[in-house]
Amino acid sequence: MSHSAAVSQASAAFSVSSGNERSLKRSIFKQNNSISFNSKSWASSLALSQRTTSLREAKRCTNTTICMSVQQTSSSKVAVTPLELEDPKEPPLNLYKPKSSYTAKIVSVERAVGPNAPGETCHIVIDHDGNLPYWEGQSYGVIPPGENPKKPGAPHNVRLYSIASTRYGDFFDGKTASLCVRRAVYYDPETGKEDPSKNGVCSNFLCDSKPGDKIQITGPSGKVMLLPENDPNATHIMIATGTGVAPYRGYLRRMFMENVPNKFTGLAWLFLGVANTDSLLYDDEFTKYLKDHPENFRFDKALSREGEKNKRGGKMYVQDKIEEYSDEIFKLLDNGAHIYFCGLKGMMPGIQDTLKRVAEERGESWELKLTQLRKNKQWHVEVY
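Named according to an unreviewed UniProt entry, the chain is Ferredoxin--NADP reductase, chloroplastic originating from Arabis alpina. What UniProt records for the chain under Subcellular location (unreviewed entry) is the sentence "Plastid, Chloroplast". What the UniProt record of the chain gives under Cofactor (unreviewed entry) is the line "FAD".

> I'm lost on the confidence of the model for the chain in this one. Help?
Segments scoring low in pLDDT should not have their predicted coordinates read at a detailed level. The predicted model of the chain averages 82 in pLDDT, with 80% of residues at 70 or higher. Mean pLDDT values over the elements of the chain span from 26, in strand β1 (residues 28-30), up to 98, in helix α4 (residues 246-256). Contacts for the low-pLDDT stretch residues 4-74, under 50 throughout, to residues beyond four places or in other chains number 186 contacts.

> Would you take a moment to explain the sheet that holds strand β15 (residues 379-383) for this structure?
Each strand in a sheet pairs with another by means of backbone hydrogen bonds, the pair being arranged parallel or else antiparallel. Pairing is parallel across the open sheet formed by five strands, whose spatial order is β13-β12-β11-β14-β15. Each end of this open sheet is capped by a strand with a single partner; those strands are β13 (297-303) and β15. Across the sheet, the axes of successive neighbouring strands diverge by a mean angle of 10°, strand direction being ignored. Summarising the sheet, strand β12 (residues 267-274) and β13 pair through seven bridges and their orientation is parallel. Across the sheet, residue Val274 finds its bridge partner in β13, namely Leu303.

> Which parts of the structure should I look at to understand the nonpolar core?
One broad trend across soluble globular proteins is that nonpolar side chains are buried collectively. Of all hydrophobic cores here, the largest spans 36 residues; its most connected members are Val245, Tyr248, Leu252, Leu270, Phe286 and Phe297. Counting only elements with at least two residues in this core, the list comes to β11 (235-241), α4, β12, α5 (283-292), β13 and β14 (338-343). If one sorts the elements of this core by residue count, α4 sits on top with six residues. Of the residues that make up this core, three or more belong to each of domain 1 (80-221) and domain 2 (224-383). Ignoring sequence-local partners within four residues, the contact set of Phe286 consists of Val245, Arg249, Leu252, Leu270, Leu281, Phe297 and Phe299. Residues Ile351, Leu355, Leu373 and Trp379 belong to the second largest nonpolar core, which totals 24 residues.

> I tried to follow the sheet that holds strand β10 (residues 214-221) on my own but got confused; where do I start?
One open sheet holds the six strands; their spatial order is β8-β5-β10-β3-β4-β9, and the pairing between them is antiparallel. Sheet topology places β8 (159-162) and β9 (176-182) at the edges, where each strand pairs with a single neighbour. Ignoring which end each strand starts from, the neighbouring axes of this sheet average 40° apart. Bridging between strand β5 (residues 139-143) and β10 involves four bridges; their strand directions are antiparallel. Note on β10: the bridge partner recorded for Ile143 is Gln216.

Thresholds, definitions, all that
Residues numbered from 1 in each chain as written. Predicted model: local features only at pLDDT ≥ 70, side-chain atom pairs only at ≥ 80, totals over all residues. Heavy atoms only, no water. UniProt positions renumbered as here; feature names shortened; annotations may be inferred. pLDDT = per-residue confidence, 0-100. Helix = DSSP H or I, 4+ residues; strand = E, 2+ residues; numbered from the N terminus. Contact = heavy atoms within 4.5 Å. Pairing = 2+ DSSP bridges. Axes fitted to C-alpha atoms, helices over the stretch in contact; angles between N-to-C directions. Core = buried A, V, L, I, M, F, W, Y, C linked by side-chain atoms within 4.5 Å. Buried < 20%, exposed > 50% of the residue type's maximum accessible area, 1.4 Å probe, protein only. Domains from an automatic or database assignment.

In structure tokens, the structure reads:
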């Protein structure tokens, strides 16, 4: 998800081949029990003995990323390494900064939307070789190549993107990160034609990248969207528009796909608003969680361009879905549930208005309730 391009969001389900039975081989590490995220040198404490999940293997997977084939063909959880990534008590922050960014490599760029989705969204896997660890809910900064047009001779400004994978990455070996990027394209309002000079620099660079291309990364950054794991039985209500679903993919893979020490036993409830069915991101993954974990996962979609109407007869947006389940949501919040919002900042006024109206219908003050949610650290917002 880009925090810099204020464009309409759309994305779609991956088509996953269930016939790919090749098992994922993972890295084998010589382990050291002491790891700190406070310095880049922590990575040297894990001496790589053998890395059998190679970029060559990734490139041979032509349908989509290997992780989804594994997820599709097996209902058991996937082993992850190195488990030392669970040890630090604080998240890694700003290990690499704009003036000393990290040079990573592109593993794959996959179109993530169907033919009838407005616009293009890509799922991009980046190889950081274990040198740029992160936690679920954090962001990477990307510095696109070239000069800043407003500062000749200087590099472009950093663009932030929410990470769409767990700390173990799509190959479960702690060496990659994935981004979910909507290509920002500008159309002249008078001619209706694309004006490449005004297209989003970073999103187009990422979506046009090829395996092996170098990419300058900063970060990781962010604490507001970190997944609280002190209570494995907690409820997490996740609300997104378009590529705002990125951090939630990381949460849900950690909860339902990966064999990690923190076993999730609570409820994860995802609300996703997109234009149409072809715009649904990671739908195969989420649908499988519904099948495998019906007691722990709920998934509600708001498709604004497919004829579904809200109770007032208008188009169905994500705030309308929230209103449908408002009594249940408010009860869950009263019982300590966490609620997350991620996507275009334009989503928040409609959502806030809906929550305020529902609160008033319940005889509550939304302002007081919101203050309490923030005080209790139940309210998590990352919009752009």
